[in-house]
Amino acid sequence: MAATAIRTEGLTKRYGDVAALDHLDLEVAQGEVVGYLGPNGAGKTTTIRLLLGLSSPTEGRGEIFGLDCQRQPVEAHRRLAFVPGEANLWPSLTGAETLRLLGRAWGSGGSGGSGGRVDEAYRDELVARFDLDPSKKVRAYSKGNRQKVILIAALMTRADLLILDEPTSGLDPLMEQAFRRSVREARDRGQTVFLSSHILSEVEALCDRVGILRQGKLVELGTLAEMRHLAALTVEATFEGAVPDLSGVPGVSSVQADGRVVRCQVRGPIAPLLKVLAAADVTELLSREPSLEQLFLAQYGARD
Amino acid sequence: MISRLTAGRAVRSGGIFGYIFGVAIASSAISYARFYKSAAQRDALAAAYGANKATSALFGPAPQLQTVAGFTVFKISMTLMLLGAVWGLLTSTRLLRGEEDSGRWELLLAGPTTRRGATIQALRGLGAGVLTLWALTGLITVLAGLDASVDIAAGPALYFALAMVATAVMFLAVGALTSQLAATRRQAAAYAAWVLGVSYAVRLVADAGLGLHGLIWASPLGWVEELRPLTAPAPLALVPIAALTSVLLVAAVYLAGTRDVGAGIVPDRASRRPQPRLLGGPTGLAVRLVQPAVTGWWVAIAVSGLLFGLIARSAGGTISGSSVQVLSRLGSRGNGTDAVLGVCFGVLAVLVAFAGAGQVAAARAEESAGRLDHLLTRPVSRSRWLGGRVLVTVVVLLASGVIAGVFAWAGAASQHAGVSLPALAGAGVNLVPPAITIAGAGVLAFGMWPRATSIVLYILLGWSLLVVVIGGIGATSHWVLDTSVFHQMASAPAVPPHWEADGVMVAIGVTGALIGGIAFKRRDLQGE
């Protein structure tokens, strides 16, 4: 088994009576790309701030490559790079100066697991890829451009672990593509990526495993395939002759008939539905697996 | 909408300051009536200050010291004029440029209002703040005037309050204009502070007995002085005050309409070649970030020191006999030039302490704005970051003290005042311990209650200042006086520095900083 990049045991953060994060047990293997999903306020950023040692847990503990997040933050930080969702940078520095500062701050920590040096050629490549004008002052940058600066600052380190907290807020679709390409490159090099996001297509495209957080609790964690059971399969059937009544079939719901076309959703085993369909005169049968968006909405929409 | 939002915040702060103004005036008047009962005592006081060019330069002229009214004007008016000006410029830059910086204005401007309309509304809100300031100052002054020993009629009391608020009004307008010129709140406040510094310097020269009294009309602070409340009221001086305020406000509203939201009139170069200097780590970054503000403080301290040095000899010549005793109540126990410099270095101590407090507040701002996250999520430990900031603060303070001493010496030496460089450099270093105590307390607050860092720093500073100003002449309980770091500082060069007391102040500051540092290592980072 590969080494563990992130491990938490009962990691909990309470603010008064409110549990922002409730007994989180999470393990991310080295080289994995893990998506971390949840609506606003579910505890995604709280998790990340605990992992980074910016906040301390009320209970439980977290480790980065076996290093305690609270007691050995500097050693842990030598092996990771972090991108926050809000790019609050020093307004009087230019993009190039910011990259230099953040590169030195990362690389000056002595010899670390990642070698402790910024890959300058890769940095220049990223600056070109993200189409950033580094001579401009941060004050003059748009939100998207500031976000590019901190993305490049993290990616250029080639750190063993990338912790990304909604990293693409403010990026246009073209830059979103550049971001995805960079994450794939990181994965191909064996870097671990922990991606907190609410852009579901991004997570679906990039991640091996997905965790879903709800009100501070991890409610799902698995590969997309493993999670398909969470939401219904959509089935669309076209009949030659009479349309059968599907509403009574076990596991079937939301039946909609439109002329000779019937749409419905199936949860659990599909055999009972297939039996009914086989008996009728089906000319066309389409089934669609639930997208991550549907999985996500199944988790959260249930309340509405 | 904007008008209401601005008014809410301006009225609150105007109320607090109005209360402080009123209490300061009332306590000065009442303490004079208590402590200087006999005509002989009052004559001695008048003899000491009436023609004293040093105090005249620092605090304004002192006519009619035999009366409660005359004494109150002399004792408190310059302090309140400066405090009012600082309140005005900080309040208007905060509520105009600060709100724009934060992006909140964009939300409001997306509604049915223009940039000019919004600025007018905000100014109306600020006007409500000024009215509150005046009303409360006036009310407390009128009430104090009812005291039989004080005996000031309501009309003159309200006119005095008006004079005390006049600088607040003018510098509110200055801040409104600089908020249009500069692209950030700090820059806008810095521009306005420069205007205030120059105004003070010009009237200092005018009142220093160098035969340049005409210069008084070249300074907004001079106009307020020329209102001569409670002694020889001359309301005609309201004309330049009103004229300047109107011109500045009209210009501010006009410029608000000609620029983009978020931008300033003074061009801010958007790009430049990278200057990698000092960007090797967190401490280098700290040096680079504080450089503009620290340069400003150093220039202010150097210019003040030079001016004090220039006037010290001629002013010292006016002090003799009984006036030495009276001056000693201001903390100064020497003779002539040294005694004057002793009082002047008290003013420099306040500047140095403000420079130190600004350093700690800036460190907290890095955290509250989220910029510190970028450093602390890299292999930079919290102690390394905070240690670097503290080191920069100490260096800034030491240099400030030396600059104060050296420039005061240069000014005095040019007038052949017969002061030695080592003595004045020592007096300069003597200014550092109070600032270290305050900065140390700020670091303690930063570690334990980060959101209260600025409040703790500036309340401690304001309190220390208020205690020495109020306690300066009327004797106040020594228990109260002892709570002021400025009172603990020996008024070198009039007397030799009291190194034991300095050691205690440094020890308090260091202890505070250490406890704050330990607390900071253990706590969560906190935004605004």
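Scroll up a little and you will see the structure.
Criteria and thresholds
- Residues numbered from 1 in each chain as written.
- Chains lettered and ligands numbered in written order.
- Predicted model: local features only at pLDDT ≥ 70, side-chain atom pairs only at ≥ 80, totals over all residues.
- Heavy atoms only, no water.
- Patch = residues over 30% accessible without salt bridge, like charges linked within 9 Å, V, L, I, M, F, W, Y side chains within 5 Å.
- Areas by Shrake-Rupley, 256 points an atom, 1.4 Å probe, with all protein chains shown as cover.
- Salt bridge = Lys/Arg side-chain N within 4 Å of Asp/Glu carboxyl O.
- Helix = DSSP H or I, 4+ residues; strand = E, 2+ residues; numbered from the N terminus.
- Buried < 20%, exposed > 50% of the residue type's maximum accessible area, 1.4 Å probe, protein only.
- Contact = heavy atoms within 4.5 Å.
- Buried area = accessible area lost by both parts, 1.4 Å probe.
- Pairing = 2+ DSSP bridges.
- Axes fitted to C-alpha atoms, helices over the stretch in contact; angles between N-to-C directions.
- Polar contact = N/O pair within 3.5 Å; in protein donor to acceptor, adjacent residues only side chain to side chain.
- Parallel < 35°, antiparallel > 145°, perpendicular 65-115°, else oblique.
- Left-handed = near helix turned anticlockwise from the far one by under 90°.
- Nonpolar A, V, L, I, M, F, W, Y, C, P; charged D, E, K, R; others polar.
- Phe/Tyr/Trp six-rings, centres within 6.5 Å; stacked < 30°, edge-to-face > 60°.
- Lys NZ or Arg CZ within 6 Å of the ring centre and 35° of its normal.

*Asks:* Quick one: what's the story with a nonpolar patch on the surface, residue by residue and with numbers?
*Replies:* Residue and element names in this part refer to chain B. A cluster of nonpolar side chains, namely Leu306, Leu310, Val402, Val406, Phe407 and Leu421, defines an oily patch on the protein surface of about 400 Å² accessible area. Secondary structure elements with two or more residues in the nonpolar patch: helix H11 (282–316) and helix H15 (382–414). The element that contributes the greatest number of residues to the nonpolar patch is H15, accounting for 3 residues. Structurally, the position occupied by Leu310 is in helix H11. Note on Leu310: relative accessible area 32%, which makes it partly exposed.

*Asks:* Run through the interface of chain A and chain B, naming residues and quoting values.
*Replies:* Each side of the interface is counted separately: chain A has 38 residues, and chain B has 35 residues. When chain A packs against chain B, the two sides together hide about 3100 Å² of surface, and 57% of this comes from carbon and sulfur. Looking at the side of chain A facing chain B, the largest losses of area belong to Leu54, Trp90 and Glu97 of chain A, adding up to 21% of the total buried there. Our count for the contact surface shared by chain A and chain B stands at 4 salt bridges. Note that Asp524 of chain B is salt-bridged to Lys13 of chain A, the shortest N-O span being 2.5 Å.

*Asks:* Got a sec to walk through the sheet that holds strand E11 (residues 233–239) of chain A? Specific residues and values, please.
*Replies:* All names here are of chain A. The strand order across the open sheet formed by 4 strands is E12-E13-E11-E14, and the pairing between neighbours is antiparallel. Of all strands in the sheet, those bounded by a partner on one side alone are strand E12 (252–258) and strand E14 (282–288). Between one strand axis and the next, the sheet turns through 15° on average, direction left out of account.

*Asks:* Explain unusual backbone geometry to me, using residue names and the numbers behind them.
*Replies:* Here the bond from Ala492 of chain B into Pro493 of chain B is cis, since omega is 5°, no more than 30 degrees from zero. Turning to its location among the elements, Pro493 of chain B is positioned in the loop between helix H20 (485–488) and helix H21 (499–522). At Arg158 of chain A, a residue that is not glycine, the phi angle is positive and equals roughly 55°. Considering the arrangement of structural elements, one finds Arg158 of chain A in the loop between helix H5 (143–155) and strand E7 (161–165). Of note, Glu166 of chain A is a non-glycine position whose phi angle comes to about 45°, a positive value. Mapped onto the fold, Glu166 of chain A is located in the loop between E7 and helix H6 (173–188).

*Asks:* Could you give me a rundown of the side chain of Thr137 of chain B, with the residues and numbers involved?
*Replies:* Residues and elements named next belong to chain B. Among the secondary structure elements, Thr137 is positioned in helix H6 (residues 115–146). Looking at Thr137, its side chain comes within polar contact range of the main-chain oxygen of Leu133, at 2.6 Å. Those residues in contact with Thr137, other than ones at most four positions away along the chain, are Gly18, Phe21, Gly22, Ile25, Ala161 and Val165.

*Asks:* Run through the pattern of salt bridges, naming residues and quoting values.
*Replies:* Residues and elements named next belong to chain A. A full pass over the atoms with the stated rule returns 31 salt bridges over all chains. The partner of Asp119 in a salt bridge is Arg158, and the shortest N-O contact between them spans 3.1 Å. Placement of the pair is Asp119 in the loop between helix H3 (95–107) and helix H4 (120–129) and Arg158 in the loop between H5 and E7, with a sequence separation of 39 residues. Residue Asp119 is classed as partly exposed on the basis of its relative accessible area of 25%. Assessed through its relative accessible area of 18%, Arg158 is described here as buried. Salt-bridge contacts for Arg180 lead to Glu176; the nearest nitrogen and oxygen are separated by 3.1 Å. Note that Arg180 and Glu176 are positioned in helix H6 at a spacing of 4 residues, about one turn of the helix. The buried category is assigned to Arg180, whose relative accessible area is 12%. Each of the salt bridges in this network shares a partner with another, and the network as a whole consists of Arg7, Glu27, Arg61, Glu63, Asp68 and Arg71.

*Asks:* Can you explain the packing of helix H1 (residues 2–35) of chain B against helix H4 (residues 68–101) of chain B? Please cite residues and give values.
*Replies:* Residues and elements named next belong to chain B. Taken N-terminus to C-terminus, the directions of H1 and H4 make an angle of 170°; their axes are 10 Å apart at the nearest point. In terms of orientation, H1 lies roughly antiparallel with respect to H4. Judged by the twist between their axes, the crossing of H1 over H4 is right-handed. Looking at side-chain class alone, the contact of H1 with H4 contains 15 nonpolar, 7 polar and 4 charged residues.

*Asks:* How would you explain the pairing of strand E3 (residues 33–37) of chain A if you had to name every residue and give the values?
*Replies:* Residues and elements named next belong to chain A. Counting buried residues in E3 gives 5 out of 5 residues, a clear majority hidden from the surface. Burial along E3 is two-sided: the face carrying Val33, Gly35 and Leu37 and the face carrying Val34 and Tyr36 are both buried. Looking at chain direction, E3 and strand E9 (residues 209–214) are connected through 4 bridges and run parallel. Across the sheet, residue Tyr36 finds its bridge partner in E9, namely Gly211.

*Asks:* Let's hear about the sheet that holds strand E5 (residues 67–68) of chain A: which residues, and what values?
*Replies:* Residue and element names in this part refer to chain A. In spatial order, the strands read E2-E1-E4-E5; together these 4 strands make up an open sheet with antiparallel pairing. Sheet topology places strand E2 (18–29) and E5 at the edges, where each strand pairs with a single neighbour. Pairing between strand E1 (residues 4–15) and strand E4 (residues 59–64): 5 bridges, direction antiparallel. What sits directly across from Arg7, in E4, is Glu63.

*Asks:* Account for the packing of aromatic side chains, naming residues and giving values.
*Replies:* Counted according to the given criterion, the structure contains 8 aromatic pairs over all chains. Aromatic side chains Phe17 of chain B and Trp87 of chain B sit 6.3 Å apart centroid to centroid with 45° between the ring planes, which places their arrangement in the tilted category. Note that Phe17 of chain B is positioned in helix H1 and Trp87 of chain B in helix H4, a separation of 70 residues in sequence. Ring centres of Trp385 of chain B and Phe446 of chain B lie 6.1 Å apart, and the angle between their planes is 45°; on these two criteria the pair is classed as tilted. On the criterion of sequence distance, the pair formed by Trp385 of chain B in helix H15 and Phe446 of chain B in helix H17 (residues 432–448) is long-range, its members being 61 residues apart. Taking the ring centre of Tyr122 of chain A as reference, the NZ or CZ of Arg158 of chain A above it sits at 3.6 Å. A cation over a ring is seen here: Arg523 of chain B above Phe446 of chain B, with NZ or CZ 4.9 Å from the ring centre.

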